[in-house]
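Residue strings, one per chain:
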Amino acid sequence: MVDTPALLAAVSGLALGLGLIVAIGAQNAFVLRQGLRLEHVPAVVAVCTASDLALIAAGTLGAGAALSRVPWLIPVVCLAGAAFLLAYGLLAAKRALRPGSLVSDAGGARTGLAVTVGTCLALTWLNPHVYLDTVVLLGSMSSTYGDHRWEFAAGAGLGSLLWFAGLGFGARLLRPVFARPMAWRVLDGLIAVVMVVLGASLVVRGFSG
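Residues numbered from 1 in each chain as written. Predicted model: local features only at pLDDT ≥ 70, side-chain atom pairs only at ≥ 80, totals over all residues. Heavy atoms only, no water.

A. The overall build of the protein chain, seen in detail. The helix and strand tally for the protein chain stands at nine helices and zero strands. Taken from N to C terminus, the helices and strands of the protein chain fall in the order α-α-α-α-α-α-α-α-α. For the protein chain, the residues scored as buried account for 42% of the 209 residues in total. Carbon and sulfur atoms make up 73% of the accessible area of the protein chain, which totals about 10400 Å². (Helix = DSSP H or I, 4+ residues; strand = E, 2+ residues; numbered from the N terminus. Buried < 20%, exposed > 50% of the residue type's maximum accessible area, 1.4 Å probe, protein only. Areas by Shrake-Rupley, 256 points an atom, 1.4 Å probe, with all protein chains shown as cover.)

B. Fine view of the pattern of salt bridges. Tallied over the entire structure, the rule returns one salt bridge. One salt bridge connects Glu-39 with Arg-37, and the closest N-O pair in it is separated by 3.3 Å. The class for Glu-39 is buried, based on a relative accessible area of 1%. (Salt bridge = Lys/Arg side-chain N within 4 Å of Asp/Glu carboxyl O.)

C. Up close: the nonpolar core. Ranked by size, the top nonpolar core spans 41 residues in total, and within it Leu-16, Ile-191 and Met-195 carry the most contacts. When residues of this core are traced back to their parent elements, those giving at least two are α1 (4–21), α2 (26–37), α3 (41–69), α4 (73–97), α6 (128–143), α7 (149–169) and α9 (181–208). For this core, the element with the most residues is α9, which contributes seven residues. Once residues lying within four places of it in the same chain are set aside, the contact partners of Ile-191 are Gly-19, Val-22, Ala-23, Tyr-88 and Ala-92. (Core = buried A, V, L, I, M, F, W, Y, C linked by side-chain atoms within 4.5 Å. Contact = heavy atoms within 4.5 Å.)

D. Region of the structure containing the packing of α1 against α9. As a packed pair, α1 and α9 sit with axes 9 Å apart at the nearest point and diverge in direction by 135°. Accordingly, the angle class assigned to the pair α1 and α9 is oblique. Crossing of α1 over α9 shows left-handed handedness. Of α9, the residues touching α1 (which contributes Ala-15, Leu-16, Gly-19 and Leu-20) are Ile-191, Val-194, Met-195 and Leu-198. Residue classes in the contact of α1 with α9 are distributed as seven nonpolar, one polar and no charged. (Axes fitted to C-alpha atoms, helices over the stretch in contact; angles between N-to-C directions. Parallel < 35°, antiparallel > 145°, perpendicular 65-115°, else oblique. Left-handed = near helix turned anticlockwise from the far one by under 90°. Nonpolar A, V, L, I, M, F, W, Y, C, P; charged D, E, K, R; others polar.)

E. Examining unusual backbone geometry more closely. Positive phi, close to 55°, is recorded for Leu-38, a residue that is not glycine. Classification of Leu-38 by relative accessible area gives partly exposed; the value is 46%. Notably, His-40 is not glycine yet its phi reads approximately 55°, a positive angle.

F. Fine view of α1. Helix length check: α1, at 18 residues, gives a terminal C-alpha distance of 25 Å against a target of 26 Å (1.5 Å per residue), a fit within 8%. Along α1, the residues classified as buried are Ala-6, Ala-9, Ser-12, Gly-13, Leu-16, Gly-17, Gly-19, Leu-20 and Ile-21. (Expected span 1.5 Å × (residues − 1).)

G. Representation of the environment of Pro-5 within the structure. Examined against the element boundaries, Pro-5 turns out to sit in helix α1. In this structure Pro-5 comes out as partly exposed when scored by relative accessible area, which is 44%.

H. Representation of the state of the cysteines. If you walk through the whole model with that rule in mind, you get zero disulfides. In this structure Cys-48 is not part of a disulfide, and its nearest cysteine sulfur, from Cys-120, lies 3.3 Å away. (Disulfide = S-S within 2.5 Å.)

I. Quick look at the environment of Leu-173. Position of Leu-173 among the secondary structure elements: in helix α8 (residues 171–178). We classify Leu-173 as exposed; its relative accessible area is 69%. When the C-alpha positions of Leu-173 and Leu-36 are compared, they lie 8.6 Å apart, and in sequence the two are 137 residues distant.

J. Highlighting α4. Taking 1.5 Å per residue, 25 residues should reach 36 Å; α4 reaches 36 Å between its end C-alpha atoms and fits that length. Listing the buried residues of α4 in full gives Val-77, Cys-78, Gly-81, Ala-82, Leu-85, Tyr-88, Gly-89, Ala-92 and Ala-96.

K. Main features of the packing of α2 against α7. Put simply, α2 and α7 touch, their axes get as near as 7 Å, and they point 40° apart. The angle between α2 and α7 falls in the class oblique. Residues Gln-27, Asn-28, Val-31, Leu-32 and Gly-35 of α2 lie in contact with α7, whose contacting residues are Trp-163, Phe-164, Leu-167 and Gly-168. When the residues that make up the contact of α2 with α7 are grouped by side-chain class, the tally is five nonpolar, four polar and no charged.

Read these as geometric descriptors, not functional statements.
Set out below in structure tokens:
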């Protein structure tokens, strides 16, 4: 028999994880560029995925422990998270209305593995937004699912794995597509819809307790 609350938590984590990670940014641009160049793609995908899993786990452990001691904070977290997601959705909608294209050079000399991994780690761990999105937001949201918070975290982790693997290994196929602004318009439009829907659901959770 399917555990509906656990499945809902996992699907919500997957949707939120993908919504937060799928956007034009330095890390995704780097992964896409490496994929287009066919350069150290497995290492780049592994570093990005492992980093996200570690950050999601840390957020789930920390936020879950804190909120379990102060139950009244859960509605506050829901409403704060909803505000963040709605704002994020509006920004994605704005990007969809004014899209850009991602230009990646597939030529040139190859970069060493150590330099590539170091760059990937820097783009991940030195980005302040990763702590807000992955540790604070995802971690806090996972705590609102109570005993199913790890299913939520697993869904978010699966989203990271699917995205980085798809972006890195599928970049060769995506090159002619993402050279066009319209592709980013569609992508950011979908992100906007996901963020607004999740934000609205958190508002409901916050007021319902």
